[in-house]
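Each chain is listed here by its residues.
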Amino acid sequence: MTGTIARAAAIYLVLTFPLGYLWHLTLFRERYAALRIYRERVVPPLGLAAMVVQGLLFGAIYAAMIAPLDTGWFGKGFAYAAFAGLLSWSFGTLAAAAKNPMTSIPGFIAIETAFTIVQWIPVGLATALLA
C-alpha cells in the first residue's frame, strides 16, 4: 500500500504542479489579476509544499478506496477523478470563493472549475494506469 500511495502522490505532483503553474501564472495570469485574488508576487514553493501534502493524502485515498475497486483501470481512473476532483473543488474553489476577496465570485468559480476538470481527468487516469 505504501508504494501505491507514493506512486499516486508522485503522479499528482508531476502532473498538477506544472499545470497549476502554467494555468494560474501564465495562460490565465491576466484573468486572475482581474479577479484580484492573488498577491502581487506569489510564492510557488509554498504551493509546491501544499501539493506534496495533498498528493500524499490523495494517494492514501486512492490506495484505500479506489485501487481495490474491481472496475478496470479506466473505471478506477474515472472514480478517482470524480471523487478527488469534487473534494479538491470543494476546498480549492467553493471555500476559496467564500473567504477570499475577489472582483467576481462567478468568474472565479468558472475558471477554477475548468482548472479542476482539466487537472483531475489526467491525474485520475494516469494514477489508475500507473500507480
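Structure: above.
Notes on the structure follow. On a predicted model such as this, the values are computed, not experimentally measured, just so you know.

Some remarks on the packing of aromatic side chains
Here a ring pair, both rings aromatic, is described through the centre-centre distance and the interplanar angle of the planes. Here the structure, examined in full by the defined rule, presents ten aromatic pairs. Ring geometry for Tyr-12 versus Trp-120: centroids 5.6 Å apart, planes at 35°, classification tilted. Separated by 108 residues along the polypeptide, Tyr-12 in helix α1 (residues 2-27) and Trp-120 in helix α5 (residues 105-130) bring together distant segments of the chain. Residue Trp-120 is classed as buried on the basis of its relative accessible area of 1%. With centroids separated by 5.3 Å and ring planes inclined at 25°, the aromatic side chains of Tyr-32 and Tyr-38 adopt a geometry described as stacked. The buried category is assigned to Tyr-32, whose relative accessible area is 1%. Among the aromatic side chains, those forming a connected cluster through ring pairs are Tyr-12, Phe-58, Tyr-62, Tyr-80 and Trp-120.

Description of α1
Under the 1.5 Å per step criterion, the end-to-end length of α1 is 36 Å for 26 residues, consistent within 8% with the ideal 38 Å. Of the residues making up α1, those classed as buried are Thr-4, Ile-5, Ala-8, Ala-9, Ile-11, Tyr-12, Thr-16, Leu-19, Gly-20, Trp-23, His-24 and Leu-25. Looking at the packing, one finds that the buried side of α1 touches α2 (29-35), α3 (44-66) and α5.

Side note on the packing of α1 against α3
Contact geometry of α1 with α3 gives a least axis separation of 8 Å together with a crossing angle of 140°. In terms of axis orientation, α1 runs oblique to α3. Once α1 is placed against α3, the crossing between them reads as right-handed. Residue-level contacts link Thr-4, Ile-5, Ala-8, Ala-9, Tyr-12, Leu-13, Thr-16, Phe-17 and Tyr-21 of α1 to Pro-44, Leu-48, Met-51, Val-52, Gln-54, Gly-55, Leu-56, Phe-58, Gly-59, Ala-60, Tyr-62 and Ala-63 of α3. Class assignment for the residues of the contact of α1 with α3 results in 16 nonpolar, five polar and no charged.

As for α5
Across its 26 residues, α5 extends 37 Å between first and last C-alpha, which sits within 8% of the 38 Å expected from 1.5 Å per residue. The residue sitting at the N-terminus of α5 and contributing the capping side-chain oxygen is Ser-104; that oxygen lies 2.9 Å from the backbone nitrogen of Gly-107.

Topic: the nonpolar core
Tyr-12, Phe-58, Tyr-62, Tyr-80, Ala-84, Trp-120 and Val-123 are the most contacted members of the largest nonpolar core, which has 13 residues in total. Contributions of two or more residues to this core are made by α1, α3, α4 (72-99) and α5. Not counting chain neighbours up to four residues away, the residues in contact with Phe-58 comprise Tyr-12, Tyr-80, Ala-84, Leu-87, Ser-88, Phe-91 and Trp-120. The next biggest cluster of nonpolar side chains, apart from the first, holds eleven residues, and it includes Tyr-32, Ala-96, Ala-97 and Met-102.

Structural notes on unusual backbone geometry
Of note, the phi angle at Arg-36 is positive, near 55°, even though the residue is not glycine. Along the chain, Arg-36 turns up in the loop between α2 and α3.

Some points on the side chain of Thr-16
By the secondary structure assignment, Thr-16 is in helix α1. When near neighbours in sequence (up to four residues on either side) are disregarded, Thr-16 contacts Met-51, Gln-119 and Val-123.

How each quantity is defined
- Residues numbered from 1 in each chain as written.
- Predicted model: local features only at pLDDT ≥ 70, side-chain atom pairs only at ≥ 80, totals over all residues.
- Heavy atoms only, no water.
- Phe/Tyr/Trp six-rings, centres within 6.5 Å; stacked < 30°, edge-to-face > 60°.
- Helix = DSSP H or I, 4+ residues; strand = E, 2+ residues; numbered from the N terminus.
- Buried < 20%, exposed > 50% of the residue type's maximum accessible area, 1.4 Å probe, protein only.
- Expected span 1.5 Å × (residues − 1).
- Contact = heavy atoms within 4.5 Å.
- Axes fitted to C-alpha atoms, helices over the stretch in contact; angles between N-to-C directions.
- Parallel < 35°, antiparallel > 145°, perpendicular 65-115°, else oblique.
- Left-handed = near helix turned anticlockwise from the far one by under 90°.
- Nonpolar A, V, L, I, M, F, W, Y, C, P; charged D, E, K, R; others polar.
- Polar contact = N/O pair within 3.5 Å; in protein donor to acceptor, adjacent residues only side chain to side chain.
- Core = buried A, V, L, I, M, F, W, Y, C linked by side-chain atoms within 4.5 Å.

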